[in-house]
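Residues per chain, in single letters:
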Amino acid sequence: REGNSSETGKETNVDTGGDALAPVREFALGEGLVGQAALQTNIMVVADPPPAYLRVRSGLGEAPAQTVVLVPILHAHAFAHQPRVSGVIELGLFSPWSERAGDLMLSVRETFSIAIEVARARAATRQLLAETQRQAELLSRPEEELRASN
């Protein structure tokens, strides 16, 4: 699950690998495991969660997760002293968490952060382009009316 912090201090989670039919949820910073993970920079590991807590599904079957891992996605600002958490990835695993898996997640965490920031920038650019096109259309109407009247 990937989160986007907003000005209200909420984390909006988008389910990208679990139950696609589940509703999008928001978590306040510090609320639940996702909100707690968003307050820190370290990977959070929950070993042996209750069997009904999280089920991992694939095309072949499903089973309860043996380990739940929450990875804060960090975005470093040029002028900030500390990185900002731009999202949280929540993983359910069939096996215990290992140091090797931790190293892998730490090595790809920056790539995830860059991908999230690029996606946000593209969305903002699309929104600005749509607004600019709308404004251009509004400005062209009086010009067309003026040409028609002359």
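The structure under discussion appears in the preceding block.
These notes cover the structure that comes with them. (Residues numbered from 1 in each chain as written. Predicted model: local features only at pLDDT ≥ 70, side-chain atom pairs only at ≥ 80, totals over all residues. Heavy atoms only, no water.)

1. Regarding the sheet that holds strand 7 (residues 67–75)
Step number 1: Within the open sheet, the three strands sit side by side as 4-7-8. Their pairing is antiparallel. One side of each edge strand has no neighbouring strand; the edge strands of this open sheet are strand 4 (44–47) and strand 8 (84–93). Averaged over all pairs of adjacent strands, the angle between their axes in this sheet comes to 15 degrees, without regard to strand direction.
Step number 2: Bridge count for strand 7 against strand 8 is nine bridges, and the pairing is antiparallel. By the bridge assignment for strand 8, V69 is matched with L91.
Step number 3: In the packing of helix 2 (residues 99–149) onto the sheet, contacts are made with strand 7 and strand 8, and the angle to strand 7 comes to roughly 55 degrees. (Pairing = 2+ DSSP bridges. Helix = DSSP H or I, 4+ residues; strand = E, 2+ residues; numbered from the N terminus. Axes fitted to C-alpha atoms, helices over the stretch in contact; angles between N-to-C directions. Contact = heavy atoms within 4.5 Å.)

2. Comments concerning the nonpolar core
A general trend in soluble globular proteins is that nonpolar side chains are found buried together.
Step number 1: Counting residues in hydrophobic clusters, the biggest one holds ten residues: F27, V34, A37, A38, M44, V68, L70, L74, V85 and V88.
Step number 2: Mapped onto this core, the elements with two or more residues apiece are helix 1 (32–37), strand 7 and strand 8.
Step number 3: When residues of this core are assigned to their parent elements, the largest contribution, three residues, is made by strand 7.
Step number 4: Core analysis: the second largest hydrophobic core is formed by six residues, V69, I73, I89 and I116 among them. (Core = buried A, V, L, I, M, F, W, Y, C linked by side-chain atoms within 4.5 Å. Buried < 20%, exposed > 50% of the residue type's maximum accessible area, 1.4 Å probe, protein only.)

3. A closer look at the pattern of salt bridges
Step number 1: For the structure shown, the criterion picks out four salt bridges.
Step number 2: A salt bridge links R55 to E62; the shortest N-O distance between them is 2.7 Å.
Step number 3: E137 is the salt-bridge partner of R141, the closest N and O atoms lying 2.7 Å from each other. Here R141 pairs with E137, and both are found in helix 2, just four residues apart, close to one helical turn.
Step number 4: On the accessibility criterion, R141 (43% relative accessible area) is partly exposed.
Step number 5: Taking relative accessible area as the criterion, E137 reaches 45% and is therefore assigned partly exposed. (Salt bridge = Lys/Arg side-chain N within 4 Å of Asp/Glu carboxyl O.)

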